[in-house]
Amino acid sequence: MNTLIDFFHQLAGLFVDDASLALEILAIVVLAALLIFLMPSQPLAAGAILLFGCLGVLFVNVVRAA
Amino acid sequence: MLALGPLLNRIPLYLLQLAIGVLLLLFGMRWLRKAILRAAGIIPHHDETLAYMTETAVLREQERNHKEPFDWIAALASFKAVVLEGLEAVFIVIAVGAGRGLVVPASIGAIAACTLVAGAGFAVHQPLTRVPENTLKFAVGIILSSFGMFWTGEGLGITWPGADIVIIPFALLFLIVSLLAVNFARRPDMGVLQ
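Given the structure is predicted, the values throughout are model-derived calculations rather than measurements. (Residues numbered from 1 in each chain as written. Chains lettered and ligands numbered in written order. Predicted model: local features only at pLDDT ≥ 70, side-chain atom pairs only at ≥ 80, totals over all residues.)

(A) Main features of the overall build of chain A. In terms of helices and strands, chain A carries three helices and zero strands. Each helix and strand of chain A, placed in order from N terminus to C terminus, yields the pattern α-α-α. Looking at chain A as a whole, 26% of its 66 residues qualify as buried. (Helix = DSSP H or I, 4+ residues; strand = E, 2+ residues; numbered from the N terminus. Buried ≥ 20, exposed ≤ 12 C-beta atoms within 10 Å, placed from the backbone.)

(B) Geometry of the interface of chain B and chain A. Between chain B and chain A, the contact holds 35 residues from the first and 31 residues from the second. Going through the elements one at a time, α2 (13–39), α4 (72–97), α6 (133–156) and α7 (167–185) of chain B are the ones with two or more residues in the side of chain B that touches chain A. Of all the elements, α2(B) adds the most residues to the side of chain B that touches chain A, at twelve residues. (Contact = placed C-beta atoms within 7 Å.)

(C) Here's a closer look at the confidence of the model for chain B. Residues and elements named next belong to chain B. For chain B, the mean per-residue pLDDT works out to 77, and 65% of the residues sit at or above 70. Taken element by element, the predicted model of chain B shows its lowest mean pLDDT in helix α1 (residues 5–8) (62) and its highest in α7 (93). Here the complex is predicted with pTM 0.71, and the ipTM for its interfaces comes to 0.84. (pLDDT = per-residue confidence, 0-100.)

Next up, the structure:
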């Protein structure tokens, strides 16, 4: 049973290690989705939010961890 | 994968791309973050030999406590390792094949790629062992994050300029930001990507 629990724990750990990084990435995706919903004629603006948002989140997270 | 293929073909492609893209983003950026922190000296480098010895000792201890004809612990440990390592390939097969009726060809492609990589790994494992582990993880994190970015955008309805080619500039941007982050976070006396 413990091995199974450990397995599911490790499975979740594949995607979430630092909870704040995972939440920030999801928030950026939601923001990009909202932008597409509100401005369907400007999908590339949402693309820019998604790309630069994720890059920014990664940078800030690393600097914060240091 | 083959069993679920017909079901996956009924799910709209954009939903699958979004789900797989977000999971790849989470997976890749998590990996990249760790590689950056290791390169910067914030967290210690991963010692594969030590990890192997620790895991082996734990399994031996569990084996001593369970005297059964079938070694469930060994079976579960193998199952766990294979499933965890194989998940990434499953994500890619779903994203490429589902919705277009291409799950079977994509699965065959994944098996062929697996065989090829295993063969190549066997042939060049000595030179590969000379590449620092964190450098490999850094590269894989960048690739996964770039693919995740592409598929998440596609799933959201973003038509990237240049289609698939845009993954290359994505990878370059992830590389530049990661190297910058290493420099900002680096502890004294640490080389880049050691």
